[in-house]
Amino acid sequence: MTRPAPATDPDSDGLSLHRIGVRFGGLVALDDVSLRVPPGRTVGVIGPNGAGKTTLFNVVCGFVTPTTGTITLDGRALRPRPHRLARLGIARTLQGVGLFGGLTVLENVMVGAEHAGRRPESAWEALERCGVTPQAHALPGGLPYAVRKRVALARALVAQPRLLLLDEPAGGLGADEIAELGELITGLPCAVLLVEHHMDLVMAVCDEILVLDFGKPVAHGTPAEIRTDQAVVDAYLGAAA
Ligand SMILES: Nc1ncnc2c1ncn2[C@@H]1O[C@H](COP(=O)(O)OP(=O)(O)OP(=O)(O)O)[C@@H](O)[C@H]1O
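Residues numbered from 1 in each chain as written. Predicted model: local features only at pLDDT ≥ 70, side-chain atom pairs only at ≥ 80, totals over all residues.

The chain carries the name ABC transporter ATP-binding protein in an unreviewed UniProt entry, which gives Actinoplanes auranticolor as its organism.

## Some thoughts on the pairing of strand β7 (residues 163–167)
To keep things clear, this is the line we draw: Neighbour counting defines burial: a residue surrounded by 20 or more other C-beta atoms within 10 Å of its own C-beta is buried, one with 12 or fewer is exposed, and intermediate counts give partly exposed, using backbone-placed C-beta atoms. Helix and strand definitions follow DSSP, with helices as H or I runs of at least four residues and strands as E runs of at least two, each counted in order from the N terminus. Strands are labelled as partners when DSSP assigns at least two bridges between them. By the criterion used throughout, a crossover qualifies as right-handed when its path from the first strand across the helix to the second strand runs clockwise, the strands pointing away from the viewer.
For β7, a buried count of five out of five residues is recorded, marking the element as mostly surrounded by other parts of the structure. Because side chains alternate across β7, one face comprises the buried residues L163, L165 and D167, and the other comprises L164 and L166, equally buried. The pairing of strand β6 (residues 90–93) with β7 spans four bridges and is parallel. Bridge pairing in β7 links R92 to L165. By the bridge criterion, five bridges tie β7 to strand β8 (residues 191–195) in an arrangement that is parallel. Counted as the bridge partner of L165 is L193 from β8. Considered for its hand, the β-α-β crossover made up of β7, helix α5 (residues 175–186) and β8 is right-handed.

Put into structure tokens, the structure is as follows:
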């Protein structure tokens, strides 16, 4: 007997956050936030300081358990746990760099490959994609910050994730380096959830953008829609009143 094909609902593919709320004691860090990251798409989350961007990232990684709301991956309920992300095809980079100082660039990326059950060649592919092949045998400590950040990205990509979570990848980078990072992100085959301060980067690489202010969604749309949205302008100018 043939098994019936599973019901497929294209609207449930990828990662979905449904009405997420997070409270830290009396402080509401996220309030009724819904967001979908479809396969292969790049979705950005922006907002002023304290808007809740990192909290949202931490909810998806499993570092923070939401007070309310649900998360699904391909329509199935998901309770993220940091150590289980790789198995689900989700990789992440965190703020800063976090490389092993005593290991070469290649060895650092190999750690990611082994963790994800990938072959060593995939480490070279990830280095190549991130433009850090020439530094493969160097120790990270002596490399410029922007190069180390690319190595951290290579370590995340070596798992060949279907969803990559990037937490402020442009932090500490100059304008040219941010532009290069933008090109790299645009060329990625996986879905990307990008939490970022730098509007220019987000506008350049995202298919859609969610804007948070004081934990609440104030706008959601394409870069062109967001650029002209009055609520966004107000949030960034601090002139909501
Ligand atoms: N673990 C925590 N305990 C208590 N309050 C927290 C905690 N984490 C975040 N907050 C508070 O939640 C709110 C949202 O913080 P969050 O770091 O998510 O904002 P953000 O948009 O990432 O800000 P930034 O751009 O400055 O990094 C802030 O008021 C912050 O002080």
